[in-house]
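Architecture at a glance
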Amino acid sequence: MLKAVQSPVRSLLGRLPQPRLPDRLKGGVIESAVKYLRNVAHDYKSVYLETRQDMRDRPLRATVIGSALLGLAYLAHHNPTEEEFIGQLVTANNQLARVPPPLRNPVAYGHVYEVAKLQDERLLRHQSLGFLSVVYREDNSPETANFAAQCKYLRPSFRSYLTERIVDVGVLGQYRMLKHRMTDYDVSPELVAADLAP
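Right, let's walk through the structure included here. Bear in mind the structure is a predicted one, so any value in this text is a computation, not a measurement. (Residues numbered from 1 in each chain as written. Predicted model: local features only at pLDDT ≥ 70, side-chain atom pairs only at ≥ 80, totals over all residues. Heavy atoms only, no water.)

**Things to note about the overall build of the protein chain**
- Helix and strand counts for the protein chain come out as nine helices and four strands.
- Along the protein chain, from the amino end to the carboxyl end, the secondary structure elements read α-α-α-α-α-β-β-α-α-β-β-α-α.
- Among the 198 residues that make up the protein chain, the fraction classed as buried is 19%.
- By sequence separation, contacts in the protein chain at least 24 residues apart represent 64% of the contacts at least 6 residues apart.
- Surface accessibility of the protein chain: about 15,200 Å² in total, with carbon and sulfur atoms responsible for 61%. (Helix = DSSP H or I, 4+ residues; strand = E, 2+ residues; numbered from the N terminus. Buried < 20%, exposed > 50% of the residue type's maximum accessible area, 1.4 Å probe, protein only. Contact = heavy atoms within 4.5 Å. Areas by Shrake-Rupley, 256 points an atom, 1.4 Å probe, with all protein chains shown as cover.)

Structure follows, in structure tokens:
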């Protein structure tokens, strides 16, 4: 049905005269811009036709590539922001504040305390990588203008950022390290071990 409709439309479009520039506009900037735009349109049309033909020839490959692109688009759409990190940190801090100190998990408390301290000192930086976000620690706040903060020879190495300075990684709207450390935040391992001891 669709092919029966497309073929008369194509034949009708083929019979229409091609638009032409008036003689007074030939040889100038407008004519070169029109030629450029026609070439771009022709390139996009040929890429579209080749892609469509390739999808028909190899449907499994097209499905895998399409699924991967959709997955990356989903990750990019749900990439958490710096405000979401601060909100999740405040929520974790409030959850820990409601638990009496003897019942708190010391790992969760220590992690949230350290990250909140770095946040208060303005030493945390947030970097979005499109599909995920990284929160890392710096040595100086943005307002610091002393020699140590400005000298490029005293800056930490790239390797130290990857191994020592990453505080959290955000994927799909959640910051994973904070979520992992807050698991069983209201269960003290010492009390559990004391209860299980004979």
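Right, picking up where we left off after that structure.
**Details of the packing of helix α2 (residues 29-57) against helix α3 (residues 59-77)**
- Where α2 meets α3, the axes come as close as 5 Å, and the angle between the chain directions of the two elements is 115°. One element, α2, and the other, α3, form an angle in the roughly perpendicular class. Facing Asp54, Met55, Arg56 and Asp57 of α2, the residues of α3 in contact are Pro59, Arg61 and Ala62.
- Of the residues belonging to the contact of α2 with α3, the class tally is three nonpolar, no polar and four charged. (Axes fitted to C-alpha atoms, helices over the stretch in contact; angles between N-to-C directions. Parallel < 35°, antiparallel > 145°, perpendicular 65-115°, else oblique. Nonpolar A, V, L, I, M, F, W, Y, C, P; charged D, E, K, R; others polar.)

**Topic: a nonpolar patch on the surface**
- A cluster of nonpolar side chains, namely Ile65, Leu69, Leu72 and Phe131, defines an oily patch on the protein surface of about 350 Å² accessible area.
- Counting through the fold element by element, Phe131 comes out in the loop between β1 (124-128) and β2 (133-137). (Patch = residues over 30% accessible without salt bridge, like charges linked within 9 Å, V, L, I, M, F, W, Y side chains within 5 Å. Salt bridge = Lys/Arg side-chain N within 4 Å of Asp/Glu carboxyl O.)

**Description of the nonpolar core**
- Membership of the largest hydrophobic core comes to 18 residues, with the highest contact counts inside it found for Phe85, Leu89, Val112, Leu124 and Met182.
- Counting residues per element, the ones that place at least two in this core are α4 (82-97) and α5 (106-120).
- The biggest single contributor to this core is α5, with five residues.
- Discounting residues that sit within four places of it in the chain, Val112 has contacts with Leu89, Ala92, Asn93, Leu96, Leu178 and Met182. (Core = buried A, V, L, I, M, F, W, Y, C linked by side-chain atoms within 4.5 Å.)

**Remarks on the pattern of salt bridges**
- Overall, the coordinates contain two salt bridges when judged by the stated rule.
- Arg58 is the partner of Asp54 in a salt bridge, and the nearest nitrogen-oxygen pair spans 3.1 Å.
- A relative accessible area of 29% means that Asp54 is categorised as partly exposed.
- Residue class for Arg58 comes out partly exposed when judged on its relative accessible area of 43%.
- With a closest N to O distance of 3.2 Å, Asp54 and Arg61 form a salt bridge.
- In this structure Arg61 comes out as partly exposed when scored by relative accessible area, which is 41%.
- Sharing partners across several salt bridges, the network here consists of Asp54, Arg58 and Arg61.

**With respect to unusual backbone geometry**
- Despite not being glycine, Arg122 has its phi angle at roughly 60°, a positive value.
- According to the relative accessible area criterion, Arg122 is partly exposed, its value standing at 45%.
- In this model, Leu172 sits at a positive phi of 55°, which is unusual for a non-glycine residue.
- Here Leu172 shows up in the loop between β3 (166-171) and β4 (174-175).

**A short note on the pairing of β1**
- As paired elements, β1 and β2 share five bridges and run antiparallel to each other. Following the sheet pairing, Leu124 is matched in β2 by Arg137.
- Between β1 and β2, which pair antiparallel in sequence order, lie four residues; one of them, Gly130, sits at a positive phi of approximately 90°. (Pairing = 2+ DSSP bridges.)

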